[in-house]
Structures are given as structure tokens and as C-alpha cells.
Amino acid sequence: MSTPVHLTPARRPAAVLASARQRREGSRTGSPYRNPAEHALLGIQAGAGNRAATAAVQRARAGEQAGGQGSAPQNSTAPAGAQKKNYRDRIAGLLDRFKKNLDPIDTFIKGVQTPANAGFTQQAAAAANEGLKHSAAASGTSAASGNLLTEATGTVVSGMDAYKNMKDARKHETGAGHHTAGKKAKVKGTDAVIGAAGSGAYSAAIAKEVTKIQKAADAAVASEASGIASASVAALKSVRSVFRAGGAARKYRKVKELGDPHLVHAESLARLNESREHANWAAAEAFVALDAYWKQDGEGRLELIGEAVDAAWEAMGEARDAAETLQRAERDVEKLNTVQGYAKKKQLTKIGKETVGGALGESTKAAAGVVTAVAAGTAGLASNPVGWGLAGAGAGLVLGVTLYKALRAATKRYEEVRRPEVWAPQGETPAEAASRSESLKHALKFWKKVSKGERQAMAREIYALAAGPHIPGSGGTTQEMRQSGMALLIALKAGPADHKLDEDAWVASLDDPAKTEAWIKEIAEQLASG
């Protein structure tokens, strides 16, 4: 890589000025340069300069393209740590995309193919049908292999995300960024552990099906081990869902304890309304006094009229300010009521999903694994129909929740591009609405997350209510309303203790425009989690 040229705005020597003057004079007479040697030398310099400029432009364009794709330009001068981080992010992104493409297949396998295989296996064992048993085992091998590929990929992605967020949490140390990254690190770390256990269970399932295909003598032992492994993983997932549902329930109760905003702020709204009425009376009295001065005669009349006009003008301004403050407070009460309702709805939805798909679905699958293991050790190779029924019921519950979440996500992606003005940030020009066909295509991109949806809009509203006067749009918020916004943040587990800050530092961070983006991201995460 060539050394960059540094331009120095120094005064040019007289010889250079004279040379430039001679070249200009020569150009007017038809001879650009004084001699052929000088012509050749300047031609070489011009060519080298053009090549250097071309190379610089190409490097700049390459850097802009790389920056537009979300990655830093790679060159020999970039720090080694930055290059490694860039490669790690690219690998993590590719693996995440690969895993999300596998998810629909994995969902079909878990919800349809695996329960069907269990049914065919039970039927083959009951009827002593070796051909059906062999086919079910082959199908089971392919199903477990697909599950293993998805689970292993997800384990790697979760581990990389946990490592990245752990570093981010250490970098921020305190505040919203620290809490968001720290919580993600814990969640992704747990996902990696459960994924590793699940990968082991699917490996045992593959071994079980292979022994059936080969009619090995230890097929019953392999089936028993696979049943125990799958039961253990399902039980682990079920316990985790119970804890998540419990966290969502506690957050729901804390938000509910804040009370109805209309009742909580009834007294403060009454005081503001009383202030508005007093201001209106003061303005009316000022105009009555002004009218009286107009009717008076004598010396000093104009001076008195001028003072009365000033008093009336000031009273009108106070009345207008009082009315605007009351209107702003009434709007903020409605906003607070809306965001509190949304927060409670999100927690109730999470409780339902974790209870049905996690606590009930996974525990039913765990029971099916236990029955399978017992049947393999006693009656032989899952011949008990109870195991088949439990496996089907558990898979049905998990599949139902998965399909519900997929449908909700697709609907949000559709609305994001079809009606971008609905949840666009205030003051920002919304993107052009996409056509129906383009919106449907975007809705089917299951690997993409919603970036401008209802949850992000509600996070902005909550932050605007709790933020300080230096945040644009929050200067007119009353102190009572700001306190309610802060109380909602604490109920959502985004308070001073969660951010490892004292109360003063926490309040100051809410009034820091540089931390606005981190705060909105933090609130959106807390709305979605338990």
C-alpha cells in the first residue's frame, strides 16, 4: 500500500512561481514547456499522480461499499483485532442465517415427522412388522440428523453471541448498554448450554435409530439411553420456561401495581386545570383594566394604557402556557396508559407462550422420553403406545406455539413495509410504502427481525415520558409524569440497581442525548423479556 500524500499549505518558493508563470506564458505562445526534458519529466509526474489518484478513489469506493454492507474495509493498515472481530461477526452472521433457514425444516421434523415416526415404531413393534420397523428407523435417523444439524448450528451461534455480549457488558460497565448486553450474554449462554445438551440427545437418537436399522443386539440399550437423554433435555427446557414465565408474571404484577394513570394523575391534572383557570381569570382582569384605561382622560393616560397592554399580553402568554401544559399532561397520561397496557399485554403473552410451549409442551415430551426409556428396558423398543401419545401431544403443543410466533412475526414484517408510517419515529419521514406483493415477500423472510414495529415505538414513548428536559420532545413533560415514566422503567427491570448506578447517575443517563439509542434498545428488550 502506497504512503498517503500529505498536502502542506506552505508558501511556494519563488522558483516554483516563476516556473508556473513561464508555463502559462509558453502555453499562450503555443509551446507548453521550455524543453523536451521538462515535458517528459512533467508527463511522468502527471501519470504517476493520475494513477495514485485513481487508486485512492478505488480504495475509497471500496471502503464505502464495505461500510454500506455493515463491515469495515479490510486493508493492511487495519488493526489485527478489528480484522478478527470483523471475520467473527461475518461468520456469526452467516451461521445465524444458515440456522434460521434450517428452522422451518426443524419445526416440521419436531412437530410432524418425529411423532409420526414414534407412531410407526409403536405399530411395527406391536405387529412385529420388520419392514415397517426398518423404514421408521431410517426416517428417524434422517429426522434426528436434521435436528442435530440445526441444534449444533444454533449452539455455535448462541455461544458466539454470548461471548460478544459478554465483552460488550464489560466494555460499558454500567448503564443501559451494560444491562442489555449482560442480560443477552446470560440468555445466549444458557441457550448454548441447552443446545449442547440437545445436540447430545439428538446424537443418541441417531445411534438408537442406526442400531434398529442394523438390528444390533444392543438396540434396546441405545433406545433406553436416547429416551433418558431426550427426557433430560426436555425437562431442562421445561424448567427454564417455568422460570421465564415466573419472571414475566413478576414483571406484570409490578407494572399493574403502578395503577391506572388516569387515577394516579387525577390530582395533578386537577391542579394544572386550576392553574389554567386562574391564568384565564388573570388575563380577563388584565383586559378589563385595559378597557378602563382606554376610557380615562388626563395626563399619563398613554403611559397607563401601555402598561396595561404589557400586563394583558403577559397574562395572555401565561394563560396560553397553562393551557398547553394541561393539554400536554393529558396527552402524556393517555400515552402512559397505552404503554402500561402494552407492557402488561406483552408479559401475559410471554406467560402464555412459555407455559404452553415450554412448561407443558417440554414436560410432556420429557414424560414421553421417560416412557420410551422404560418401554425399551422392559417391553422392547418403545412398544408402549403411551410414549407415542405423549410425544405427539408434546410436539403438538410446541408446534402450535412455534406456528403462532412465526405467524405473528410474519404479520409484523408485513406491516413494517406495507404501512411504515404507523410506527415511524416522530419527526422522521417514513419510508415509502411497499406494494402488497413486495410486503408479502418481505413477510416471508423469516430470518429478518422487525426493526420498526410496535415494540420499538412503545419503547420510544416510554423513554420520552421518563427522559430529562434536555432530550428533544421531553422538555414539556411534567415532573409528576416523568416520575411515573421512571417508575415504569423500574418495573420493567431497567432501574438504577439493574444498571449498577445510583439514582442520580441513573436519572442523569436518562437526560443524556448520547445515550438515547441505548435506552430505547434497552426498553425494547425489557418489554419482550420476563
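Residues numbered from 1 in each chain as written. Predicted model: local features only at pLDDT ≥ 70, side-chain atom pairs only at ≥ 80, totals over all residues. Heavy atoms only, no water.

1. Overview of the side chain of Arg-413
Thought 1: Within the secondary structure, Arg-413 is located in helix α10 (residues 385-418).
Thought 2: For the buried Arg-413, no salt bridge is present, and the opposite-charge side chain at shortest range is Glu-416, 6.9 Å distant.
Thought 3: Here Lys-445 takes part through its backbone oxygen, which lies 3.2 Å from a polar atom of the side chain of Arg-413.
Thought 4: Within the structure, Arg-413 has its side chain in polar contact with the backbone oxygen of Lys-448 (distance 3.4 Å).
Thought 5: With sequence-adjacent residues up to four places away left out, Arg-413 is seen in contact with His-442, Ala-443, Lys-445, Phe-446, Lys-448 and Val-450. (Helix = DSSP H or I, 4+ residues; strand = E, 2+ residues; numbered from the N terminus. Buried < 20%, exposed > 50% of the residue type's maximum accessible area, 1.4 Å probe, protein only. Lys, Arg positive; Asp, Glu negative; His and termini not counted. Salt bridge = Lys/Arg side-chain N within 4 Å of Asp/Glu carboxyl O. Polar contact = N/O pair within 3.5 Å; in protein donor to acceptor, adjacent residues only side chain to side chain. Contact = heavy atoms within 4.5 Å.)

2. A closer look at the confidence of the model for the protein
Regions with low pLDDT should not have their predicted coordinates read in detail.
Thought 1: For the protein, the average pLDDT comes to 78, and 77% of its residues sit at 70 or higher.
Thought 2: Across residues 1-78, confidence stays below pLDDT 50; counting only partners more than four residues off in sequence or on other chains, it has 28 contacts.
Thought 3: Across residues 379-383, where pLDDT falls below 50, the model places 17 contacts with residues more than four positions away in sequence or in other chains. (pLDDT = per-residue confidence, 0-100.)

3. Concerning the packing of helix α4 (residues 130-172) against helix α5 (residues 175-213)
Thought 1: At their nearest, the axes of α4 and α5 sit 6 Å apart, and the two run at 160° to each other. Taken together, α4 and α5 sit at an angle that is classed as roughly antiparallel. Where α4 crosses over α5, the two elements pack in a sense that is left-handed. (Axes fitted to C-alpha atoms, helices over the stretch in contact; angles between N-to-C directions. Parallel < 35°, antiparallel > 145°, perpendicular 65-115°, else oblique. Left-handed = near helix turned anticlockwise from the far one by under 90°.)

4. Things to note about the environment of Ala-192
Thought 1: By secondary structure assignment, the location of Ala-192 is in helix α5.
Thought 2: Classification of Ala-192 as buried rests on a relative accessible area of 16%.
Thought 3: Considered as a pair, Ala-192 and Ser-158 are 34 residues apart in the sequence and their alpha carbons are 5.2 Å apart.
Thought 4: Excluding anything up to four places from it in sequence, Ala-192 contacts Thr-155, Ser-158 and Gly-159.

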